[in-house]
Amino acid sequence: MDVAIVGVTGYSGTVLYTLLAKHPAIDQINLYGHQDEGKDGEVRYLDQLIPGFHGQHIRIQKFDPQQIMANNTAVFFATSAGVSSQLAGDFIDADFPVVDLSGDYRLPDPAEYEKWYHKPAAPAEHLQKATYSLADFYQPGTSYIANPGCYATATLLGLAPMVQNDLIDPDTIVVDAKSGTSGAGKKLTGITHFTEASDNLQLYGLNTHKHIPEIVAQLKKWNDAVNAIQFSTTLLPLTTGLMASIYAKVKPGVDQAQLMAAFNQDYADSTFVNVLDGTTPDLKEVVGTNNCDIGVVYNPVTQTVMVISVIDNLMKGAAGQAVQNFNQLMGLAETTGLPTLPAFV
Ligand SMILES: NC(=O)C1=CN([C@@H]2O[C@H](COP(=O)(O)OP(=O)(O)OC[C@H]3O[C@@H](n4cnc5c(N)ncnc54)[C@H](OP(=O)(O)O)[C@@H]3O)[C@@H](O)[C@H]2O)C=CC1
Ligand SMILES: CC(=O)N[C@@H](CCC(=O)OP(=O)(O)O)C(=O)O
């Protein structure tokens, strides 16, 4: 089948292209850019835009929803926040398959989106037609998939077994999440400037990060007793990789064995989520993969459980999970075209 990417020149769009180019069910990838693409006579080709993409001489075409629907089976949006809410309406009206890597359709309430993203929301009737889909807990839904954010993915996978099985006090969840700079996209910002990011650790978005509402909404679906989380994000002086360190007080009587049983049971059939046996994971064991590795350590002295959840922010946190969701939407094996062995160096 043929698929379309809008936003291939961004970090997650480029990783998405590399996955789809090796995907056995994909015949052709068609690339689309801005609505005014080529307006000044300038024609852009992928191999001229992305270093190392030798031979990938594919033209970036002007964004045109009717043309995309006529020539493709599905479309991926790997565009900046606030773009798909402006461009995706025709696909939703036509029930055309979309996987959206951005946050534009993750929150069903327009007012909540505007509060956290500080941008105009998509129309409420379109937001209702999107399905928030954490791919390892995929449930068939609408044909518009809102792919979760990177911090949300690591946090939700680390919390799911404990929240679903009611093993922790829901008012005590604390998440200290850290990401490499590629999570911020290709546009340079004050904190991603080399001089600021290198040899440094920078906290940002404290209590205001846009992933808080999508995390709480999903936790609430699993266990209505969850009302809020304490959540912080820190920029790491490295390119790729994301670690969420999660803490919570356990319910009376819960111990390491009960926690491990819940994690092992929840992820028994999962290809991509690996529960470690008594150890905690490093970033390098997941970078280059669609995996999420999880370590679980209970401290009986403080009755606190610490869960370490690591992912590659551009793979499991963005493009890899998008392909995993796409596979399931299309009825393919969820693992099709997705790497599980780390880059390692
Ligand atoms: N980086 C990460 O780890 C993660 C990112 N995401 C989300 O995925 C999306 C993409 O992220 P990322 O790759 O980091 O972003 P980048 O900033 O690296 O890339 C953004 C892409 O969007 C394109 N774009 C911007 N505006 C428009 C427009 N009006 N019409 C068409 N294309 C447009 C850009 O094209 P051009 O260069 O031509 O302007 C570029 O290809 C974002 O919404 C991000 O929040 C989600 C999870 C993790
Ligand atoms: C390091 C860094 O800046 N990371 C990004 C999260 C990337 C992501 O998941 O973005 P969306 O939710 O917009 O899709 C951030 O904190 O905003």
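The structure presented is a predicted model; accordingly, all values stated were derived computationally and were not measured.

Participant: Residues and numbers for the site of ligand 2, please.
Facilitator: Around ligand 2, the structure places 14 residues, and the nearest of them are R106, Y204, H209, K210 and H211. At 3.0 Å from an oxygen atom of ligand 2 is found a main-chain nitrogen or oxygen belonging to C150. Contact between ligand 2 and H209: an oxygen atom at 2.6 Å from a side-chain N or O atom of the residue. Of the residues contributing to the shell around ligand 2, the split by class is six nonpolar, six polar and two charged.

Participant: How would you sum up a negative patch on the surface? Please name residues and give values.
Facilitator: Taken together, the side chains of D90, D93, D95 and E125 present a region of like negative charge at the surface. Along the chain, the position of D95 falls in the loop between α5 (89–93) and β5 (98–100).

Participant: Report on the UniProt feature "domain: Semialdehyde dehydrogenase NAD-binding" (unreviewed entry) in the chain, specifying residues and quantitative values.
Facilitator: Within this structure's numbering, the places UniProt gives as "domain: Semialdehyde dehydrogenase NAD-binding" (unreviewed entry) are residues 2–145. End-to-end, the C-alpha atoms of residues 2–145 are 18 Å apart, and along that stretch the chain is 30% helix and 17% strand.

Participant: Can you break down the sheet that holds strand β8 (residues 174–179) residue by residue, with the values?
Facilitator: Reading across from one edge, β9-β10-β8-β11-β14-β13-β12 is the order of the seven strands in this open sheet, with mixed pairing throughout. Where the open sheet ends on each side, the last strands, each with one partner, are β9 (202–204) and β12 (273–275). Averaged over neighbouring strand pairs, the angle between their axes works out to 20° when direction is ignored. Across six bridges, β8 lies against strand β10 (residues 230–235) in parallel orientation. Each bridged residue has a counterpart across the sheet, and for A177 the counterpart in β10 is T233.

Participant: Summarise the UniProt feature "active site" (unreviewed entry) in the chain; cite the residues concerned and give the values.
Facilitator: UniProt marks C150 with the feature "active site" (unreviewed entry), using the numbering shown here. Among the structural elements, C150 can be located in helix α8 (residues 150–164). On the basis of relative accessibility, which here comes to 13%, the residue C150 falls in the buried class. Other than its neighbours up to four places away in sequence, C150 contacts H211, L242, I311, N313 and G317.

Participant: Before we move on, could you go through the domain arrangement of the chain and cite the residues and values that matter?
Facilitator: Taken domain by domain, the chain holds domain 1 (2–147 + 316–329) and domain 2 (150–313). Taken over C-alpha atoms, the centre of domain 1 sits 25 Å from the centre of domain 2. Between domain 1 and domain 2, the residue contacts involve 18 residues of the former and 31 residues of the latter. When the two sides are added together, the surface that domain 1 and domain 2 hide from each other amounts to roughly 1,900 Å², 63% of it contributed by carbon and sulfur. Applying the counting rule to domain 1 against domain 2 returns one salt bridge. Residues E214 and R106 are paired through a salt bridge, measuring 2.9 Å at the closest nitrogen-oxygen approach. Taken together, domain 1 and domain 2 are joined by nine residue pairs in polar contact (both at pLDDT 80 or more). For the side of domain 1 that touches domain 2, the secondary structure elements donating two or more residues are α6 (110–117) and α12 (315–329). With six residues, α12 is the single largest residue contributor to the side of domain 1 that touches domain 2.

Participant: Go over the site of ligand 1, please, and point to the residues and values.
Facilitator: The environment of ligand 1 is formed by 24 residues, the closest being T9, G10, S12, T79 and K186. The backbone of G7 places a nitrogen or oxygen atom 3.2 Å from an oxygen atom of ligand 1. Here S12 contributes a side-chain N or O atom positioned 2.7 Å from an oxygen atom of ligand 1. Protein chains bury 83% of the 900 Å² of accessible surface belonging to ligand 1 in isolation. Of all the secondary structure elements, the ones that give two or more residues to the shell around ligand 1 are α1 (11–21) and α12.

Participant: Any chance you could break down unusual backbone geometry for me, citing the residues and the numbers?
Facilitator: Positive phi, close to 55°, is recorded for H118, a residue that is not glycine. Its location among the elements puts H118 in the loop between α6 and α7 (124–127). In this structure, D166 takes a positive phi of about 55° despite not being glycine. By the secondary structure assignment, D166 is in the loop between α8 and β8. Given the relative accessible area of 39%, D166 is considered partly exposed.

The rules we used
- Residues numbered from 1 in each chain as written.
- Chains lettered and ligands numbered in written order.
- Predicted model: local features only at pLDDT ≥ 70, side-chain atom pairs only at ≥ 80, totals over all residues.
- Heavy atoms only, no water.
- Near = heavy atom within 4 Å.
- Polar contact = N/O pair within 3.5 Å; in protein donor to acceptor, adjacent residues only side chain to side chain.
- Nonpolar A, V, L, I, M, F, W, Y, C, P; charged D, E, K, R; others polar.
- Patch = residues over 30% accessible without salt bridge, like charges linked within 9 Å, V, L, I, M, F, W, Y side chains within 5 Å.
- Areas by Shrake-Rupley, 256 points an atom, 1.4 Å probe, with all protein chains shown as cover.
- Salt bridge = Lys/Arg side-chain N within 4 Å of Asp/Glu carboxyl O.
- Lys, Arg positive; Asp, Glu negative; His and termini not counted.
- Charge placed at Lys NZ, Arg CZ, Asp CG, Glu CD.
- Helix = DSSP H or I, 4+ residues; strand = E, 2+ residues; numbered from the N terminus.
- UniProt positions renumbered as here; feature names shortened; annotations may be inferred.
- Pairing = 2+ DSSP bridges.
- Axes fitted to C-alpha atoms, helices over the stretch in contact; angles between N-to-C directions.
- Buried < 20%, exposed > 50% of the residue type's maximum accessible area, 1.4 Å probe, protein only.
- Contact = heavy atoms within 4.5 Å.
- Domains from an automatic or database assignment.
- Buried area = accessible area lost by both parts, 1.4 Å probe.

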